[in-house]
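# Examination of the molecular architecture
The residues making up each chain are set out below.
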Amino acid sequence: SGAQTGTLFIDDNVIDLGTEGAPRSLTSGIVLSAISGPCRIAGNSVLGAVSAIAVNGQITENLQPSASDVIVAKNIIACRAAPTSGDNLTVFGIDLAAHSSIVSQNLLRMPGASSVHAGIRVTGDNIDVIDNQVASDSKREDSVFIGIQIGDRGALTGDIRVAGNFVDSGRAGIVASTVT
């Protein structure tokens with residue numbers, strides 16, 4: 001597990017990584033790696049990141065739900081497509097690997113043409129995913145992302161509540177995988 005984190009607040013920031021031209025690399029907006037919590041990520045605007053908000057998640061490709069009491073709320077996110085070559089070409093608006101946490105009232109715009117991403121992915125246990133909006137940046141018929149993904153590979157995931165969310169477009173609204 002990660003180092004014990006005192007209360008950490010990442011609130012009301014504007015992160016503009018640009019959306020014009022080819023992406024420079026796998027850009028990230030807010031990354032919290034190897035933390036234990038509690039923390040809050042709220043009221044931020046992240047534009048042009050390939051992965052906007054990641055907590056102990058996909059940046060390392062090793063999901064470690066060691067954080068607890070994480071709140072990710074009221075963020076506005078517009079992700080861009082991942083580069084066409086390289087490692088780990090997945091795109092996540094919010095990627096949370098944690099326990100006893102909440103993902104709520106976030107607005108996400110996802111690149112519609114790539115099938116290797118989700119608006120929100122959560123792994124861990126006792127997580128509420130409520131009242132979020134996930135939409136595509138392209139026409140509905142061209143959108144192939146997953147709106148909300150619950151669980152992934154070997155990360156133990158359980159006691160998840162998904163309620164009141166709005167997913168517009170994509171190939172699937174809510175997908176649960178490896179949930180116990």
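Residues numbered from 1 in each chain as written. Predicted model: local features only at pLDDT ≥ 70, side-chain atom pairs only at ≥ 80, totals over all residues. Heavy atoms only, no water.

Before going further, it helps to spend a moment on the sheet that holds strand β16 (residues 166-168). The strand order across the open sheet formed by six strands is β2-β5-β9-β11-β13-β16, and the pairing between neighbours is parallel. At either end of the open sheet lies a strand with only one pairing partner, and these are β2 (14-16) and β16. Strand-to-strand, the axes of this sheet are offset by a mean angle of 5°, without reference to chain direction. As paired strands, strand β9 (residues 76-78) and strand β11 (residues 107-110) are joined by three bridges and run parallel to one another. Paired with I76 across the bridge in β11 is L107. (Pairing = 2+ DSSP bridges. Helix = DSSP H or I, 4+ residues; strand = E, 2+ residues; numbered from the N terminus. Axes fitted to C-alpha atoms, helices over the stretch in contact; angles between N-to-C directions.)

Among the secondary structure elements, N106 is positioned in the loop between β10 (91-104) and β11. Classification of N106 by relative accessible area gives buried; the value is 0%. Here the side chain of N106 touches V72 through a polar contact of 3.0 Å, landing on its backbone oxygen. When residues no more than four places from it in sequence are discounted, the contact partners of N106 are V72, A73, K74, N75, I94, D131, N132 and Q133. (Buried < 20%, exposed > 50% of the residue type's maximum accessible area, 1.4 Å probe, protein only. Polar contact = N/O pair within 3.5 Å; in protein donor to acceptor, adjacent residues only side chain to side chain. Contact = heavy atoms within 4.5 Å.)

Turning next to the confidence of the model for the protein chain. Summing up the model confidence of the protein chain, the mean pLDDT is 83 and the portion of residues at 70 or higher is 80%. Taking the mean pLDDT of every element in the protein chain, the minimum, 86, falls on strand β7 (residues 67-68) and the maximum, 97, on strand β8 (residues 70-73). (pLDDT = per-residue confidence, 0-100.)

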